[in-house]
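What the coordinates show
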Amino acid sequence: MTVTTYYTLGSVPVVLVVGFVVALMLNQKVRWLSFWRTIYYLPTLVPAIASAVLWIWIFNPGFGLFNSLLRQANLPTSQWIYSETAAIPSLILMSTWGFGNAMVIFLAGLQGIPRQLLEAASIDGGGPWARFRYVVLPFMTPTIFYNMVTGVIGTFQVFNQAYVMTQGGPNNATLFYIYYLYRTAFTEGQMGYASALAWVLFVIVMIITVALFRNARRWVYYEMGGAR
Amino acid sequence: MTTTRPTHPVANDASTRDGRITPTDRLSRPTRGRQHRGSPVGRTLLWVVLAIGALVMLIPFGWLVRSALMTDDQIFIAPPELVPKPFAWTNFSESLTAQPFALYLLNTMIIEVVVVVGTVLTCSIVAFSFARLRWRGRNVVFAILLTSVMLPYAVTLVPTFVLWSQLSALNTFLPLTVPAWFAGAGGGVFNIFLMRQFFLTIPFELDEAAYIDGATPWKVFWMVIMPNSKPVIVVVVIFTFIGVWNDFLGPLLYLSDQDKFTLALGLASFQSNYTAQWGYLMAASTVVILPIIILFFVLQRYFVEGVTLTGIKS
């Protein structure tokens, strides 16, 4: 459980921030816009298994991409997913690669911001930062919130990485909840216990979601009463 | 007009300060670009940032293809070579015959066809009922349906497995395909939601005209709604297709015979059998990834449409 929480706390904010920043950049008039959007979205299409296999190789301590690069630059190398401490950060890094989904939803949100409001803000002398802070950001809170909730629910259910890449190791450092559940049910055959685990997970996710929604009232509806 | 003029220099002032790059400037560039074109310098800078970012995103793909074209000797030398020479094309033919990937592809496609057809048919019927027919408790049922999205898939995992094993349907395609015919595969609820939203945008006058002409709800569904819903149908088809293609846990649980494996499952078993043969592994991974990427490029227009449709939701 701590492993899963650690992963969620690491992955969700990173994906949100990266997705949001890239979405902002891709909401501009830039040359080759649709090409850039495609590139950033591409990794989300890769089948989970294929991406797991690919990342095992990238993380390979001997001849993987990262350590090869680090060695070239004379920097200390890491054991990545084979080290107890680096395993989860490595998987978080890997999950960041797939920020495309969040980005696309952010983009849709950005496109929904009424143009008049931005124009009004700039007529009132609002600089770029003021426009971002008082018009764009408040308008985006529902989208941010949506991405946050789906992100949390999604990361609480990671399975493939644990199954293919680490088998829960090293030393249970990546024993994600669902992987534990899977092992209990289908390798140890304790269906009843696994069902109980599943319900516990459900309750936890429910509690977190409800808490997020409660908390959301404080910041998501900023737009209704005007900024701040 | 006269009132805006004095403020204009203020807005310009902001963009002339562009030379100095402050952290706020970097964050704010996006909003500016929405109305003003932004300064050429700013746009070039943004372009460069995007290009670097894109390069970073593509590096794993590059590494994949590079390794797929190398023999083991080439892979395990230091310093590593970035471009394989010569290209080891044999990796593809050898890895793909080391395990019956053609059979995996066939299995995957069988499941694909059954699931995609089932999903489109049943989800659209359900969505039609929610969008176009009036019945007691409709909104309550719809709300209950939506809340079921919150249910982690893990909760239903064990009971469904037990159910299928009691029906002695383990190690067949049934557990992977039959649910799709009850609007319940993977993103069933999501599909229903998507289609319902789309159906709601079709003018009700069309239905009414058909009913006046004596059409049954069935007829309205087939002759009025479906022909007008091609965009959403394509989106559902694409998402369902990708979902099945990428599904791993389902086949892992239900299929145990090698000759029933899907591509995803085949790749995983390949990975555990050939742990150290990275050239083979990467070649096999490329083959699993490539069709999806090609599909994406061919149907990109529909993807964008799908995203816009989903955007309505949030």
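A brief look at the structure comes next. Here the structure is a predicted model, which is why all the values come from computation and not from measurement.

Thoughts on the overall build of chain B
- Counting its secondary structure elements, chain B contains 17 helices and 0 strands.
- Burial statistics for chain B: of 314 residues in total, 45% are counted as buried.
- As displayed, chain B has an accessible area near 15,900 Å², and 70% of this comes from carbon and sulfur atoms.

Description of the overall build of chain A
- Looking only at helices and strands, chain A has 11 helices and 0 strands in total.
- Ordered by position from N to C terminus, the α and β elements of chain A give α-α-α-α-α-α-α-α-α-α-α.
- On the principal axes, the C-alpha backbone points of chain A span a range of 65 × 50 × 30 Å.
- With 228 residues in all, chain A has 55% of them scored as buried.
- By sequence separation, contacts in chain A at least 24 residues apart represent 65% of the contacts at least 6 residues apart.
- When the accessible surface of chain A is split by element, carbon and sulfur atoms take 63% of a total near 9,800 Å².
- Across chain A, 12 positive and 5 negative side-chain charges occur, with their mean positions spaced 5 Å apart.

Brief notes about the interface of chain A and chain B
- Listed by partner, the interface residues are 73 residues for chain A and 75 residues for chain B.
- With both chains or domains summed, chain A and chain B bury close to 7,000 Å², and 77% of this area falls on carbon and sulfur atoms.
- Seen at the junction of chain A and chain B, the total is 0 salt bridges.
- If you look at where chain A meets chain B, you find 3 residue pairs in polar contact (both at pLDDT 80 or more).
- In terms of residue count, helix α11 (residues 191-219) of chain A provides more of the side of chain A that touches chain B than any other element does, 9 residues in total.
- Counted by class, the side of chain A that touches chain B contains 54 nonpolar, 14 polar and 5 charged residues.

Section: the side chain of Asn107 of chain B
All names here are of chain B.
- Along the polypeptide, Asn107 turns up in helix α6 (residues 101-132).
- Residue classification places Asn107 among the buried residues on the basis of a relative accessible area of 5%.
- Beyond its immediate chain neighbours, meaning those up to four positions away, Asn107 contacts Phe173, Asp259, Lys260 and Phe261.

What to know about unusual backbone geometry
Residue and element names in this part refer to chain B.
- Phi at Ser168 is positive, roughly 40°, even though this residue is not glycine.
- Note on placement: Ser168 falls in the loop between α8 (153-166) and α9 (174-177).
- Classification of Ser168 by relative accessible area gives exposed; the value is 64%.
- Located in the positive-phi region is Asn171, a residue other than glycine, with phi close to 65°.
- The residue Asn171 is located in the loop between α8 and α9 in this model.

Some remarks on a nonpolar patch on the surface
- Where nonpolar side chains cluster on the molecular surface, the patch consists of Leu103, Leu106, Ile110, Val113, Val114, Val117, Trp181 and Phe182 of chain B and spans about 710 Å² of accessible area.
- The class for Ile110 of chain B is partly exposed, based on a relative accessible area of 39%.

Here we look at the packing of α6 of chain B against helix α7 (residues 138-147) of chain B
Residue and element names in this part refer to chain B.
- The interhelical angle for the contact between α6 and α7, taken along N-to-C directions, is 135°, at an axis separation of 10 Å. Our classification of the angle between α6 and α7 gives oblique. Our pair here, α6 against α7, has a crossing hand that is left-handed. For the pair α6 and α7, the contacting residues are Ser129, Phe130, Ala131 and Arg132 in the first and Arg138, Val141, Phe142 and Leu145 in the second.
- Of the residues contributing to the contact of α6 with α7, the split by class is 5 nonpolar, 1 polar and 2 charged.

Some details on the pattern of salt bridges
All names here are of chain B.
- Using the criterion set out here, one finds 2 salt bridges over all chains in the structure.
- Residue Arg132 is joined to Asp207 by a salt bridge in which the shortest nitrogen-to-oxygen separation is 3.4 Å. One end of the pair, Arg132, is in helix α6; the other, Asp207, is in helix α11 (residues 204-212), and 75 residues separate them in sequence. The same class applies to Arg132 and to Asp207, which are both buried.
- The partner of Lys260 in a salt bridge is Asp257, and the shortest N-O contact between them spans 3.7 Å.

Focus on the packing of helix α3 (residues 48-59) of chain A against helix α15 (residues 263-273) of chain B
- The geometry of α3 of chain A relative to α15 of chain B is characterised by a closest axis approach of 9 Å and an angle of 25° between their N-to-C directions. Regarding the angle of α3 of chain A to α15 of chain B, the classification is roughly parallel. Across from Ile49, Ala50, Val53 and Ile56 of chain A in α3 of chain A, the residues of α15 of chain B making contact are Ala264, Leu267, Ala268 and Gln271 of chain B.
- Partitioned by chemical class, the residues of the contact of α3 of chain A with α15 of chain B number 7 nonpolar, 1 polar and no charged.

Details of the nonpolar core
- The biggest cluster of nonpolar side chains holds 160 residues, and the ones touching the most others in it are Tyr40, Trp55, Met165, Phe176 and Leu181 of chain A together with Phe199 and Met282 of chain B.
- If we skip the residues at most four places from it in the chain, Phe199 of chain B touches Ser124, Ala127, Phe128, Ala131, Arg132, Ile225 and Ser229 of chain B.

Notes on the packing of aromatic side chains
- As enumerated under the stated definition, the model contains 35 aromatic pairs over all chains in all.
- Ring centres of Phe241 of chain B and Trp245 of chain B lie 5.8 Å apart, and the angle between their planes is 20°; this geometry places the pair in the stacked category. With Phe241 of chain B and Trp245 of chain B both in helix α13 (residues 230-246), this residue pair falls 4 residues apart, about one helical turn. Note on accessibility: Phe241 of chain B and Trp245 of chain B belong to one class, buried.
- Ring pairs connect the aromatic residues Phe159, Tyr163, Tyr179, Tyr182 and Phe186 of chain A together with Phe161, Phe248 and Tyr254 of chain B, which therefore count as one cluster.
- For Arg132 of chain B, the ring lying beneath its charged end belongs to Phe204 of chain B, and the centroid distance is 4.1 Å.
- Of note, Arg196 of chain B hangs over the ring of Phe142 of chain B, and the distance from its end group to the ring centre comes to 4.1 Å.

Conventions and cut-offs
Residues numbered from 1 in each chain as written. Chains lettered and ligands numbered in written order. Predicted model: local features only at pLDDT ≥ 70, side-chain atom pairs only at ≥ 80, totals over all residues. Heavy atoms only, no water. Helix = DSSP H or I, 4+ residues; strand = E, 2+ residues; numbered from the N terminus. Buried < 20%, exposed > 50% of the residue type's maximum accessible area, 1.4 Å probe, protein only. Areas by Shrake-Rupley, 256 points an atom, 1.4 Å probe, with all protein chains shown as cover. Contact = heavy atoms within 4.5 Å. Lys, Arg positive; Asp, Glu negative; His and termini not counted. Charge placed at Lys NZ, Arg CZ, Asp CG, Glu CD. Buried area = accessible area lost by both parts, 1.4 Å probe. Salt bridge = Lys/Arg side-chain N within 4 Å of Asp/Glu carboxyl O. Polar contact = N/O pair within 3.5 Å; in protein donor to acceptor, adjacent residues only side chain to side chain. Nonpolar A, V, L, I, M, F, W, Y, C, P; charged D, E, K, R; others polar. Patch = residues over 30% accessible without salt bridge, like charges linked within 9 Å, V, L, I, M, F, W, Y side chains within 5 Å. Axes fitted to C-alpha atoms, helices over the stretch in contact; angles between N-to-C directions. Parallel < 35°, antiparallel > 145°, perpendicular 65-115°, else oblique. Left-handed = near helix turned anticlockwise from the far one by under 90°. Core = buried A, V, L, I, M, F, W, Y, C linked by side-chain atoms within 4.5 Å. Phe/Tyr/Trp six-rings, centres within 6.5 Å; stacked < 30°, edge-to-face > 60°. Lys NZ or Arg CZ within 6 Å of the ring centre and 35° of its normal.

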